[in-house]
Amino acid sequence: MTPRTEPFTAPAPLPGGAGDARRRELLQSVVEVARAIFGAAAGSVLLLDEERDELVFAAVSGEGEEFLVGRRFPAGSGIAGWVATSGEPVVVDDLTASRSFDRSVAESTEYVPDALMAAPLVSDGRVLGVLEVLDPSPQARSGLPELDLLALFARQAATALRVVSPDPPAALPPSRRADALRLLGSLEQLLRESA
């Protein structure tokens, strides 16, 4: 997929049901815990809107927290777009040297990081979005174990996201749904303990 550099489009209205509130709360907790684990200046969860071929800021912690939720950009843009397309996690220590970094998208968010770590939110082989931590501490991005930790955390968050989504019964068979609900309970407990 060729990266596009179109500007953000206006945010789509967010649905307001109880399930949506739980989903937003879960995503906000995920991004806050990821930011704390990696000592990052900011973090975000971007969800893939397949119909519009866009990534949407669903939760943000730190820089841009006040205004980014709901903003969109083309799914093929930048490093988040590459992670969503490839399904692979990535660490970039120097974004000025990265060809994949779309500086215009970063500038439009009013925060241009120097480094980032990103991992796909994958559930049942399907990419749901991307978890990013921006300007993580140098120790947190020092090697493969840290990237594996972010990828593991992103996979668990994706599984929990599928459970709280409006259509989980069709997405998961009953035996897998029970496992996913246990995982969600464990993730919620971890989030409470780290808060």
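Description of the structure in this document. All figures in this text were calculated on a predicted structure; none of them were measured in a lab.

The rules behind these values
- Residues numbered from 1 in each chain as written.
- Predicted model: local features only at pLDDT ≥ 70, side-chain atom pairs only at ≥ 80, totals over all residues.
- Heavy atoms only, no water.
- 1 Å grid on protein atoms, 1.4 Å probe; cavity = no way out; pocket = protein on both sides within 12 Å on 5 of 7 lines; lining within 4 Å.
- Points joined across faces, edges and corners; volume = space filled by probe spheres on them.
- Helix = DSSP H or I, 4+ residues; strand = E, 2+ residues; numbered from the N terminus.
- Nonpolar A, V, L, I, M, F, W, Y, C, P; charged D, E, K, R; others polar.
- Phe/Tyr/Trp six-rings, centres within 6.5 Å; stacked < 30°, edge-to-face > 60°.
- Buried < 20%, exposed > 50% of the residue type's maximum accessible area, 1.4 Å probe, protein only.
- Contact = heavy atoms within 4.5 Å.
- Salt bridge = Lys/Arg side-chain N within 4 Å of Asp/Glu carboxyl O.
- Pairing = 2+ DSSP bridges.
- Axes fitted to C-alpha atoms, helices over the stretch in contact; angles between N-to-C directions.
- Core = buried A, V, L, I, M, F, W, Y, C linked by side-chain atoms within 4.5 Å.

1. Details of empty space enclosed by the protein
Part 1 of the reasoning: Per the counting criterion, the structure on display carries one cavity of 30 Å³ or more.
Part 2 of the reasoning: In terms of lining, the largest cavity is formed by 24 residues, of which the most central are Phe57, Val105, Ala106, Thr109 and Glu132.
Part 3 of the reasoning: Elements represented by at least two residues in the lining of the largest cavity include exactly strand E1 (42–49), strand E2 (54–62), helix H2 (78–86), helix H3 (103–108) and strand E6 (126–134).
Part 4 of the reasoning: Within the lining of the largest cavity, the residues separate by chemical class into 15 nonpolar, six polar and three charged.

2. A few points about the packing of aromatic side chains
Each aromatic ring pair is summarised here by two numbers: the centre-to-centre distance and the angle between the ring planes.
Part 1 of the reasoning: On inspection of all chains with the given rule, the structure shows one aromatic pair.
Part 2 of the reasoning: Taken together, a centroid distance of 6.1 Å and an interplanar angle of 50° make the contact between Phe57 and Phe73 tilted. Of this pair, Phe57 sits in strand E2 while Phe73 is found in strand E3 (residues 72–74), placing the two residues 16 residues apart along the sequence.
Part 3 of the reasoning: A relative accessible area of 5% places Phe73 in the buried class.

3. Remarks on H2
Part 1 of the reasoning: Taken together, the buried positions of H2 are occupied by Gly78, Ile79, Ala80, Gly81, Val83 and Ala84.
Part 2 of the reasoning: As for H2, its buried residues are in contact with E1, E2, E3, strand E4 (90–92), strand E5 (116–123) and E6.
Part 3 of the reasoning: Gly87 sits one or two residues past H2 and shows a positive phi near 75°.

4. Some thoughts on the pattern of salt bridges
Part 1 of the reasoning: One pass over the structure, following the stated rule, counts four salt bridges.
Part 2 of the reasoning: One salt bridge in this structure joins Arg72 and Glu54, with 2.9 Å as the shortest N-O distance. Here Arg72 is found in strand E3, whereas its partner Glu54 is found in strand E2, with 18 residues between them in sequence. Neither Arg72 nor Glu54 differs from the other in exposure class; each is buried.

5. Looking at the sheet that holds E4
Part 1 of the reasoning: Ordered in space as E3-E2-E1-E6-E5-E4, the six strands form an open sheet in which the pairing is antiparallel. The open sheet is flanked by E3 and E4, the only strands paired with a single partner. Put simply, the sheet's adjacent strands are angled 25° from each other on average, direction ignored.
Part 2 of the reasoning: Two elements, E1 and E2, share eight bridges in a ladder whose sense is antiparallel. Bridge pairing in E2 links Leu47 to Val56.
Part 3 of the reasoning: On the sheet, H2 packs against E1, E2, E3, E4, E5 and E6 and is oriented at approximately 145° with respect to E6.
Part 4 of the reasoning: Helix-sheet contacts for helix H4 (residues 144–164) involve E1, E4, E5 and E6, and the interaxial angle to E5 is about 40°.

6. Some remarks on the nonpolar core
Part 1 of the reasoning: Core analysis: the biggest nonpolar cluster contains 28 residues, and Val45, Leu121 and Leu131 have the highest contact counts within it.
Part 2 of the reasoning: Going through the elements one at a time, helix H1 (18–37), E1, E2, E5, E6 and H4 are the ones with two or more residues in this core.
Part 3 of the reasoning: Counting residues per element, this core draws most heavily on H4, at nine residues.
Part 4 of the reasoning: The next biggest cluster of nonpolar side chains, apart from the first, holds 24 residues, and it includes Phe73, Ala84, Phe101 and Ala106.

7. Focus: the pairing of E1
Part 1 of the reasoning: Where burial is concerned, most of E1 is hidden: seven out of the eight residues are buried.
Part 2 of the reasoning: Between E1 and E2, which pair antiparallel one after the other, the connecting turn spans four residues, and Asp53 there sits at a positive phi close to 55°.

8. Description of the pairing of E6
Part 1 of the reasoning: Of all the nine residues making up E6, eight are buried; the element is thus mostly covered by neighbouring parts of the structure.
Part 2 of the reasoning: Two elements, E1 and E6, share six bridges in a ladder whose sense is antiparallel. When the sheet's bridge partners are listed, Ala42 is paired in E6 with Leu134.

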